[in-house]
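Chain by chain, the residues run as shown.
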Amino acid sequence: MEPVDLTVDSLHAAVDDPALNSMNFLNEVAQHYPDAVSLAAGRPYEEFFDSAVLHRYLDTFRRHLADDLGLSPDQVDRTLLQYGRTKGIVHHLIARNLAVDEQLAVDPETIVVTVGCQEAMFLVLRALRAGPQDVLFAVAPTYVGLTGAARLVDLPVRPVAGGPAGIDLTDLREQLRRARAEGLRPRACYVMPDFANPSGVSMDPAQRRRLLDLAVDEDLLLIEDNPYGLFPATGTERRPTLKALDTHRRVVYLGSFAKTVLPGARVGYVVADQRVAGSDGTVGPLADQLAKIKSMVTVNTSPIAQAVIGGALLAHDCSLVAANVRERAAYARNLRHLIDGLARRFGPDGPVRWNVPAGGFFVVVTVPFNVDDALLHRSAREYGVLWTPMAHFYDDGTPVNALRLSVSAVTPAQIDVGLDRLAALVADGLAVSTAPA
Ligand SMILES: Cc1ncc(COP(=O)(O)O)c(C=O)c1O
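Computed from a predicted model, the values in this text were never measured in an experiment.

Caption draft 1: Broad picture of the pairing of strand β7 (residues 251-256). In terms of burial, β7 is largely enclosed, as 6 of its 6 residues are buried. Burial along β7 is two-sided: the face carrying Val251, Tyr253 and Gly255 and the face carrying Val252, Leu254 and Ser256 are both buried. The sheet contact formed by strand β6 (residues 221-225) and β7 spans 4 bridges and is parallel. Residue pairing across strands places Leu222 opposite Val251, the latter belonging to β7. Sheet analysis places β7 next to strand β8 (residues 268-271), joined by 4 bridges and oriented antiparallel.

Written as structure tokens, this is what we have:
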């Protein structure tokens, strides 16, 4: 054996946890089989990327600082190039965006601009995990980034049944009761009411209201993650966010610009308007406490990256709905194409089943055999198609007969090829997965 300096079991337990390996594993498989059609990646469509817009957006934001906010040329440079405000420099534009697109009135001071939504998740969980009695709930299947962030702060995540309504409220109440009976303190429940990753399921407005009522009744916070809400598959009508319906400050709202502007900017945010009583008798928004944590994690979100996002917002009168007309049409077309393609290949009464999401990037396909990482390797190597085993989105390691398909980073022609290959995999009855390559 090679000489070693450290063993992994001497490090924080999270580093050896499957949740933290999941994204790397899936990226590595994709890199290993570059010729495979990827119905795995939930990335935005790259053909729409245009680096020329970066300069335009930067200029737009610079002009905004000078013309709208009255900054001198030196102050404009300092704002973009120097260390900056911990809570961010585009918070006022994000507040405007939420007002325009979500009819949501938020005080800009309750916003923390973060390094992607992922950092926002981490800050919230870090703040909420005060002691070993604290526990988080999350609708299962759950986005693995949430599970991984919870691991990093030693916050256990307990699954809540999702089902066709997006969350099973009876199960949530029962889980809360059980946790309290065990002496635990439920801190929050993580939900994705719009076109969830990975399930594709959405909550209808009545269910959202019931969930909010339950949160008030049970004194529970809700963490609403909404990266896909702008992408309904039919029409342009969208449902109100939980946060827009939240009259009791029960909802901590997470936003991401990865799918609506640029993932490479790595900018997201959190709206945390919960009133926190400080030890000095002052009261301020939870956002201020999150900012303290942020100041010790990333100091501040790159102002250059924020300026790009700020410019993109300004260029579209702060409406990302308006900015994403082309993207929304492409994703909706792809989702329809995938659903039609599944129906054509697998029929209505066969052993292969799938859900029909009302929008977003993802469809879950259930097959009559176990779907694991070994099967994914085999699918990539022998059939040339990548997808995501649903087991990655469950935290208990039990086998799952389902896979997630994503439509965001492919063309209809690639969807056709990918589905033909998936159909071949299924038809060949690769039910028994073998050892990884
Ligand atoms: C549900 C969900 N939340 C958060 C994120 C991460 O967003 P960001 O890239 O802004 O960190 C993703 C990315 O795929 C996601 O699917």
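Caption draft 2: Representation of the nonpolar core in the model. If you look at the biggest cluster of nonpolar residues, it comprises 41 residues, and the most contacted ones within it are Phe61, Ile94, Leu98, Ile111, Phe257, Tyr269 and Leu313. Those elements that provide at least two residues to this core are α2 (52-68), α3 (73-81), α4 (91-102), β2 (111-114), β8 and α11 (303-315). No other element matches the 7 residues that α11 contributes to this core. Setting aside chain neighbours within four positions, we find Phe257 in contact with Ile94, Leu262, Val267, Gly268, Tyr269, Ile309, Leu313 and Leu320. Formed by 36 residues, the second largest nonpolar core is a distinct cluster that contains Val29, Phe346, Val352 and Val365.

Caption draft 3: Fine view of the sheet that holds strand β12 (residues 362-366). Spatially, 4 strands are ordered β11-β12-β15-β14 in an open sheet, and the strand pairing comes out antiparallel. Only two strands of the sheet have a single neighbouring strand rather than two, namely β11 (353-354) and β14 (388-389).

Caption draft 4: Representation of a nonpolar patch on the surface. Taken together, the side chains of Leu6, Val8, Leu11 and Val15 define a hydrophobic patch exposed on the protein surface, amounting to about 340 Å² of accessible area. Tracing the backbone through its elements, the reader meets Val8 in the segment before α1 (18-32). A residue is classified by how much of its surface remains accessible, and Val8, at 39% relative accessible area, is partly exposed.

Caption draft 5: Layout of the site of the ligand. The ligand sits among 15 residues. The nearest are Cys117, Asn197, Asp225, Tyr228 and Ser256. Gln118 places a polar main-chain atom, nitrogen or oxygen, 3.0 Å from an oxygen atom of the ligand. Taking Asn197, its side chain carries an N or O atom lying 2.8 Å from an oxygen atom of the ligand. Counting atoms within 2 Å of the grid points, the majority share of the ligand lands in the largest pocket. No other element matches helix α5 (residues 116-128), which puts 4 residues into the shell around the ligand.

Caption draft 6: Molecular detail of empty space enclosed by the protein. Inspection of every chain in the model, using the stated rule, returns 1 cavity of 30 Å³ or more. Listing elements by their share of the lining of the largest cavity, those giving two or more residues are α4 and β7. Tallying contributions element by element places α4 first for the lining of the largest cavity, with 4 residues. Among the residues forming the lining of the largest cavity, the class breakdown is 7 nonpolar, 6 polar and 2 charged.

Caption draft 7: Summary view of the packing of helix α13 (residues 325-346) against helix α15 (residues 412-427). Orientation of α13 relative to α15, taken along the N-to-C sense of each, is 30°, at an axis distance of 10 Å. Here α15 runs roughly parallel to α13, going by the angle between their axes. At the point where α13 passes α15, the crossing takes the right-handed sense. Residues Arg333, Asn334, His337, Leu338, Gly341, Leu342, Arg344, Arg345 and Phe346 of α13 form the contact with α15, whose own contacting residues are Pro412, Ile415, Asp416, Leu419, Asp420, Leu422, Ala423 and Val426. Of the residues that constitute the contact of α13 with α15, the class distribution is 9 nonpolar, 3 polar and 5 charged.

Analysis parameters
- Residues numbered from 1 in each chain as written.
- Predicted model: local features only at pLDDT ≥ 70, side-chain atom pairs only at ≥ 80, totals over all residues.
- Heavy atoms only, no water.
- Buried < 20%, exposed > 50% of the residue type's maximum accessible area, 1.4 Å probe, protein only.
- Helix = DSSP H or I, 4+ residues; strand = E, 2+ residues; numbered from the N terminus.
- Pairing = 2+ DSSP bridges.
- Core = buried A, V, L, I, M, F, W, Y, C linked by side-chain atoms within 4.5 Å.
- Contact = heavy atoms within 4.5 Å.
- Patch = residues over 30% accessible without salt bridge, like charges linked within 9 Å, V, L, I, M, F, W, Y side chains within 5 Å.
- Areas by Shrake-Rupley, 256 points an atom, 1.4 Å probe, with all protein chains shown as cover.
- Salt bridge = Lys/Arg side-chain N within 4 Å of Asp/Glu carboxyl O.
- Near = heavy atom within 4 Å.
- Polar contact = N/O pair within 3.5 Å; in protein donor to acceptor, adjacent residues only side chain to side chain.
- 1 Å grid on protein atoms, 1.4 Å probe; cavity = no way out; pocket = protein on both sides within 12 Å on 5 of 7 lines; lining within 4 Å.
- Sits in = over half its atoms within 2 Å of the grid points.
- Points joined across faces, edges and corners; volume = space filled by probe spheres on them.
- Nonpolar A, V, L, I, M, F, W, Y, C, P; charged D, E, K, R; others polar.
- Axes fitted to C-alpha atoms, helices over the stretch in contact; angles between N-to-C directions.
- Parallel < 35°, antiparallel > 145°, perpendicular 65-115°, else oblique.
- Left-handed = near helix turned anticlockwise from the far one by under 90°.

Purely geometric stuff here, so don't read any function into it on its own.
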